[in-house]
Amino acid sequence: MNLARPLKTRSPLNAANLQLLRGVSRSFYLSIRLLPGPLRAPVAVGYLLARATDTVADTTAMPQAERQALLADLLQAIDAPAEQLDRLCKALSLALAGFAAHQSNPNERALMQALPDCLPLLHRLSKADQASVRAVLTPITQGQTLDVHRFGHASPSSVQSLHSEDELTHYTWLVAGCVGEFWTELCTRHLPGFANLPTEQMQSLGRQYGMGLQRLNIVRDVAADLAQGRCYFPRERLQALGLTPETLAQAARTGDRTGCIKLAPLYQEYLKHIHTQLEDGLHYSCALNSRRLRLASALPALIGARTLALLTQAGPQALAATPSPSIKMPRHEVRALLWRLVLGGISPRVLKQEFERLSQCENPPP
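In what follows, the accompanying structure is described. (Residues numbered from 1 in each chain as written. Predicted model: local features only at pLDDT ≥ 70, side-chain atom pairs only at ≥ 80, totals over all residues. Heavy atoms only, no water.)

## Description of the nonpolar core
With 121 residues, the main nonpolar core has Leu115, Leu119, Phe233, Leu263 and Leu302 as its most contacted residues. No other element matches helix α15 (residues 291-314), which puts 12 residues into this core. (Core = buried A, V, L, I, M, F, W, Y, C linked by side-chain atoms within 4.5 Å. Buried < 20%, exposed > 50% of the residue type's maximum accessible area, 1.4 Å probe, protein only. Helix = DSSP H or I, 4+ residues; strand = E, 2+ residues; numbered from the N terminus.)

Below is the structure:
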């Protein structure tokens, strides 16, 4: 299994597009490489465009109004008919170049610069796949626009937060739960009989899977978000623990372990919630009939299980560490995991065994 081998596909994506994809998300790039041919292009194009709009939303060096305006312009270009796209892309080029100059991450800078060439990829998909990509980008960009509005004036000295658990749940559906539904819709269209469970159940499992992955990102990135004045932990839940977004951010900034440990009950509750949602994702993957699709689908859940174990080991006190620890599955462990899965035939039994092992072990097998 040569994971360095270029992706062979009949899709409209070329080598430069694939390199962009690899740069902005190595783990998701692996999943796209593993997808059956008919799914690769719509998933990859949808991801590239969503990643671009996310970069715009997260570029806090730019004023809130400029980010909101560019997001609106990008949505207009995504929804535009083919005959209008060239004009819109030319108009976007200057604004995107300005955004690119504010990107410290070279891969995100490259994506911003290349976006006028990426937008036409959408029109090279089938009409049905175009409709699916646009449909999933609608809630995703709605969630991103909410982020810009909610955290537009956030800073280390002015912490902004979500208010309720319902807001957090809705947000995780907007930016990720809808992706599980999108994935299932594409499978239903291109791979009839793709699963041994009813489509409605696959939709539900896929929705929970995506929401769990986004909640995992929130818990993993809490220190970095607090440093920028953003708090996705709802204010009402923090207040029940004698915390506020402001006091939690201060504890993380000053290295106050006692203040951070107050977060422990909610932190552990979220980790359990995420584990349940990742189990839904594993259930989804095990129901798939194609081994290739099964592997592509299961990989985020397995990497997520390992990340959860690392987060459990670190605990909320890690928020007070300087520098903040890197909580992610090392690449050599991902490579070893892939080999074990392939050698095990990518069977549901092997997937379940690996999920259990990665959820519990501090040091999984080499």
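Further notes follow.
## Focus: empty space enclosed by the protein
For the structure on display, the rule yields two cavities of 30 Å³ or more. Roughly 40 Å³ of internal volume is contained in the largest cavity. If you trace the largest cavity, you find it lined by Ala57, Thr60, Arg67, Asp147, Val148, Phe151, Gly152 and Arg230. Ranked by the residues each element gives to the lining of the largest cavity, the list is headed by helix α7 (residues 127-151), at three residues. When the residues that make up the lining of the largest cavity are grouped by side-chain class, the tally is three nonpolar, two polar and three charged. A volume near 40 Å³ is recorded for the second largest cavity. (1 Å grid on protein atoms, 1.4 Å probe; cavity = no way out; pocket = protein on both sides within 12 Å on 5 of 7 lines; lining within 4 Å. Points joined across faces, edges and corners; volume = space filled by probe spheres on them. Nonpolar A, V, L, I, M, F, W, Y, C, P; charged D, E, K, R; others polar.)

## Considerations on the packing of aromatic side chains
Here the distance between the centres and the angle between the planes together describe a pair of aromatic rings. In this structure the tally under the stated criterion is three aromatic pairs. Geometrically, the ring pair formed by Phe233 and Tyr270 is tilted, given 5.3 Å between the ring centres and 40° between the ring planes. Here the residue Phe233 occupies a position in the loop between β2 (230-231) and α11 (235-239), and Tyr270 occupies one in helix α14 (residues 264-286), the gap between them amounting to 37 residues. Both residues of the pair, Phe233 and Tyr270, belong to the buried class. One aromatic cluster is present, built from ring pairs that chain together Phe151, Tyr171 and Tyr232. Seen from the ring of Tyr270, Arg215 lies directly overhead, with NZ or CZ sitting 4.8 Å from the centre. (Phe/Tyr/Trp six-rings, centres within 6.5 Å; stacked < 30°, edge-to-face > 60°. Lys NZ or Arg CZ within 6 Å of the ring centre and 35° of its normal.)

## Concerning helix α16 (residues 331-343)
Between its first and last C-alpha, α16 extends 18 Å over 13 residues, near the 18 Å set by a 1.5 Å rise per residue. What α16 keeps buried is the set Glu333, Val334, Ala336, Leu337, Leu338, Arg340 and Leu341. Once α16 finishes, Gly345 follows within two positions and takes phi at roughly 80°, a positive value. (Expected span 1.5 Å × (residues − 1).)

## Some details on the environment of Thr55
Here Thr55 lies in helix α3 (residues 37-58). Once the C-alpha coordinates of Thr55 and Arg220 are considered, the two residues, 165 residues apart in sequence, prove to be 18 Å apart. Beyond its immediate stretch of four places on either side in the chain, Thr55 contacts Gln103, Glu108 and Met112. Among the polar contacts listed, one links the side chain of Thr55 to the backbone oxygen of Arg51, at a separation of 2.9 Å. (Contact = heavy atoms within 4.5 Å. Polar contact = N/O pair within 3.5 Å; in protein donor to acceptor, adjacent residues only side chain to side chain.)

## So, the packing of α7 against helix α8 (residues 165-190)
Interaxial distance between α7 and α8 falls to 10 Å at its minimum, and their mutual angle equals 170°. Between α7 and α8, the angle is such that the two are roughly antiparallel. Considered class by class, the residues forming the contact of α7 with α8 number 14 nonpolar, five polar and six charged. (Axes fitted to C-alpha atoms, helices over the stretch in contact; angles between N-to-C directions. Parallel < 35°, antiparallel > 145°, perpendicular 65-115°, else oblique.)

## Thoughts on the side chain of Arg215
Residue placement: Arg215 occurs in helix α9 (residues 199-220). Beyond its immediate sequence surroundings of up to four residues, Arg215 is in contact with Glu165, Leu168, Thr169, Thr172, Tyr270, His273, Ile274 and Gln277.

## What to know about the pattern of salt bridges
Inspection of the entire model under this criterion finds 16 salt bridges. Close ionic contact of Arg230 with Asp58 constitutes a salt bridge, the shortest N to O distance being 3.3 Å. With a gap of 172 residues between them, Arg230 in strand β2 and Asp58 in helix α3 connect regions that are remote in the sequence. For Arg230, a relative accessible area of 10% corresponds to the buried category. A network of salt bridges, in which partner residues are shared, links Glu165, Arg215, Arg237 and Glu269. (Salt bridge = Lys/Arg side-chain N within 4 Å of Asp/Glu carboxyl O.)

## Topic: the packing of α9 against α15
Following both chains from N to C, one finds α9 and α15 inclined at 35°, their axes separated by 11 Å at the closest point. The hand of the α9/α15 crossing is left-handed. Of the residues in α15, those in contact with Tyr209, Leu213, Leu216, Val219 and Arg220 of α9 are Ser297, Ala298, Pro300, Ala301, Gly304, Thr307, Leu308 and Leu311. The class makeup of the residues in the contact of α9 with α15 is nine nonpolar, three polar and one charged. (Left-handed = near helix turned anticlockwise from the far one by under 90°.)

## Digging into unusual backbone geometry
Not every positive phi belongs to a glycine, and Ile346 is a case in point at roughly 50°. Relative to the helices and strands, Ile346 resides in the loop between α16 and α17 (348-360). Classification of Ile346 by relative accessible area gives buried; the value is 9%.

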